[in-house]
Amino acid sequence: MDSHARASINLDVIAANVTAVRERVAPTAVMAVVKAGGYGHGAVPAARAAVRGGADWLGVVHVAEALELRAAGIDSPLLCLMAIASADHPAAIAAGVDLSAGSAGMVRRLATAAAEVGDPGRPARVHLKADTGLSRGGATAADWPRVLDAASEAEAAGLLSVAGLWSHFASADEPGNTSVAAQLAAFEAALDVAKKLGVTPEVRHIANTAATLEVTEARYDVVRVGGGIYGLSTLPGGPPRWLRPAMTLRTRLVLVKRVPAGTGVSYGHRYVTPRETTLGLVPLGYADGVPRAATGLPLLFARGRRWSIAGTVCMDQLVVDFGDEPVAVGDEVVLFGPGDDGEATAQEWGDTLGTISYEIVTGIGSRVPRSYS
């Protein structure tokens, strides 16, 4: 594919981020979450880098993502986090993928899938999810005993093994939020119910990146680190300095032209040149993941300084007013990176646009090639 843009991924940074997390949470195991195409970084390369950095587990959301990693020869312990009925469940079980269930019905579906596999030595490895207050996936406290009973029944039949008990925080990225302690208490209550009903998991886990960094008592047996392995965080102010952003989004100017004062720029002429000036055309737009809301913001970096986007971000391109700067076709423009040279970071893009860095990096479209170093 011809492209003047590129998302450069530093795999050594991903590996180093995992190593850094491991050193700080030891002896708790680390699950590197590589869902959504490795947060836009590439699932298979990111997974391999994470394993090289010491990840004990890998996490995805969809069964197809899990099977992609297995097809690539990645044999690490692997959990598919979202409990969705799938025709591929038998293939996932046969491939040694752990699956999630937050209802008695899903437990029975997975037991049926294990029966279809027909291998007595390979029951479905299932992580039972308790809803401790996020009100998303998982069983409520009222439904939790039924989920455990269904799992015990399937386990007795040799179709299922309870590999984990888990949950997820709603507000761990808001230090001091009282819901964190409430959810920990609810998770402890769920673990107690499981113990009383004779359900003994291999691992317990509730901590996401934010909780891994901020809530020591939430670490249990495994921590699930998603954004953190890419040097991202939803905590106020972003990640700690010892986590480094792994992606740099860069492109080159494809057209430069001199225009007079009073020239309207891009759709709707939301920007009009105040003087004679030089405009540069950047071949990235909202179809590539540059939010249209970035119009007018000083988020681009070229020739050693920041520049604002002049006028409306288009589907495939945007314009920069360079004033009298002697720019030329082929000059590099960096949208975000680690911030070492003054360029914006994905964190800054998210903060400026009222969103999170995760949305910025996962939004980089498939037209933008990924390169790896």
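Look up: the structure comes first, before these words.
Residues numbered from 1 in each chain as written. Predicted model: local features only at pLDDT ≥ 70, side-chain atom pairs only at ≥ 80, totals over all residues. Heavy atoms only, no water.

**Some remarks on unusual backbone geometry**
Glycine aside, residues mostly have negative phi angles, and peptide bonds mostly take the trans form. As a reminder, the rule being used: Helix and strand assignments follow DSSP, with helices taken as H or I runs no shorter than four residues and strands as E runs no shorter than two, numbered in order from the N terminus.
Pro-27 follows Ala-26 through a cis peptide bond whose omega is 10°. Within the element layout of this structure, Pro-27 appears in the loop between helix H1 (11–25) and strand E2 (29–33). Here Tyr-220, not a glycine, exhibits a phi torsion of approximately 45°, which is positive. If you trace the backbone, Tyr-220 turns up in the loop between helix H9 (209–214) and strand E9 (222–225).

**Describing the packing of helix H6 (residues 104–117) against helix H7 (residues 144–156)**
What counts here: Here, axes are lines fitted to C-alpha atoms. For helices the fit covers the stretch in contact, and angles between N-to-C directions go from 0 to 180 degrees. By the definition adopted for this analysis, an angle is roughly parallel if under 35 degrees, roughly antiparallel if over 145, roughly perpendicular if from 65 to 115, and oblique otherwise. Whether a crossing is left-handed or right-handed is set by the direction in which the near helix is turned from the far one by less than a right angle, anticlockwise for left-handed and clockwise for right-handed. Any two residues having at least one pair of non-hydrogen atoms within 4.5 Å are treated as being in contact.
Packing of H6 against H7 brings their axes to within 8 Å, and their N-to-C directions diverge by 15°. The pairing of H6 with H7 is recorded here as roughly parallel in orientation. Where H6 crosses over H7, the handedness of that crossing is right-handed. Contacts between H6 and H7 involve Ala-104, Val-107, Arg-108 and Ala-111 from the former and Arg-146, Val-147, Ala-150, Ala-151 and Ala-154 from the latter.

**Details of the packing of aromatic side chains**
Here is the rule: Two aromatic rings from Phe, Tyr or Trp, using only the six-membered ring of Trp, form a pair when their centres are within 6.5 Å; if the ring planes differ by under 30 degrees the pair is stacked, by over 60 it is edge-to-face, and anything between is tilted. In this analysis the charged atom, NZ for Lys or CZ for Arg, is taken to sit over a ring once it is within 6 Å of the ring centre and within 35 degrees of the ring normal.
Applying the stated criterion to the full structure yields four aromatic pairs. Plain terms: the ring middles of Tyr-39 and Tyr-358 are 5.3 Å apart, the flat faces sit at 80° to each other, and that makes the pair edge-to-face. Of this pair, Tyr-39 sits in helix H2 (residues 35–39) while Tyr-358 is found in helix H11 (residues 357–362), placing the two residues 319 residues apart along the sequence. In textbook terms, an aromatic cluster arises when at least three aromatic residues are bridged by ring pairs, as seen for Tyr-39, Tyr-230 and Tyr-358. The ring centre of Trp-242 lies 3.9 Å from the NZ or CZ of Arg-24, which sits over that ring.

**Overview of helix H3 (residues 43–52)**
Here is the rule: Three exposure classes are used, based on accessible area relative to the maximum for each residue type with a 1.4 Å probe and protein chains only: buried under 20%, partly exposed in between, and exposed over 50%.
For H3, the full list of buried residues reads Ala-43, Val-44, Ala-46, Ala-47, Ala-49 and Ala-50. In this fold, the buried residues of H3 make contact with H1, E2, H2, strand E3 (57–60) and helix H4 (63–71). After H3 finishes, the residue Gly-54 shows a positive phi value of roughly 110°.

**Looking at the layout of surface pockets**
Counted only if it meets this: Residues are said to line a cavity or pocket when one of their atoms sits within 4 Å of a point; the points come from a 1 Å grid over protein atoms alone, cavities being sets where a 1.4 Å probe fits but cannot get out and pockets being open sets with protein on both sides within 12 Å along at least five of seven lines. Grid points are joined across faces, edges and corners, and a volume is the space filled by probe spheres set on the points. Nonpolar residues are Ala, Val, Leu, Ile, Met, Phe, Trp, Tyr, Cys and Pro. Charged residues are Asp, Glu, Lys and Arg, and all others, Gly as well, are polar.
Estimated volume of the largest pocket: approximately 740 Å³. Looking at the largest pocket, it is lined by 33 residues, and the ones nearest its centre are Lys-35, Leu-134, Arg-136, His-168 and Arg-224. Elements with a minimum of two residues in the lining of the largest pocket: H2, strand E5 (98–101) and H9. Residues that form the lining of the largest pocket fall into these classes: 16 nonpolar, twelve polar and five charged. For the second largest pocket, the calculated volume is near 270 Å³. Grouping the constituent residues of the lining of the second largest pocket by class yields seven nonpolar, five polar and two charged.

**Concerning the sheet that holds strand E8 (residues 203–205)**
Which entries qualify depends on this criterion: One bridge is not enough; two strands pair if DSSP finds at least two bridges between them.
Strands sit in the order E8-E7-E6-E5-E4-E3-E2-E9 across an open sheet of eight strands; the sheet is parallel. Whereas interior strands pair on both sides, the edge strands pair on one side only; in this sheet they are E8 and E9. Here the strands of the sheet are splayed against their neighbours by 30° on average, with no regard to which way each runs. Alignment of E2 against E3, held across three bridges, turns out to be parallel. Note that in E3 the partner of Val-33 across the bridge is Gly-59. The strands that H7 touches are strand E6 (124–129) and strand E7 (160–166); relative to E7, the one it contacts most, it runs at about 150°. Packing of helix H8 (residues 178–196) onto the sheet brings it into contact with E7 and E8, and relative to E7 it is tilted by some 155°.

**Quick look at the sheet that holds strand E11 (residues 255–259)**
The three strands lie next to each other as E11-E14-E17, forming an open sheet whose pairing is antiparallel. Looking at strand neighbours, the two that pair on one side only are E11 and strand E17 (318–321), the edges of this open sheet. Averaged over all pairs of adjacent strands, the angle between their axes in this sheet comes to 25°, without regard to strand direction. In the sheet, E11 pairs with strand E14 (residues 277–282) via five bridges, with the strands oriented antiparallel. Bridging across to E14, Val-259 finds its partner in Thr-277.

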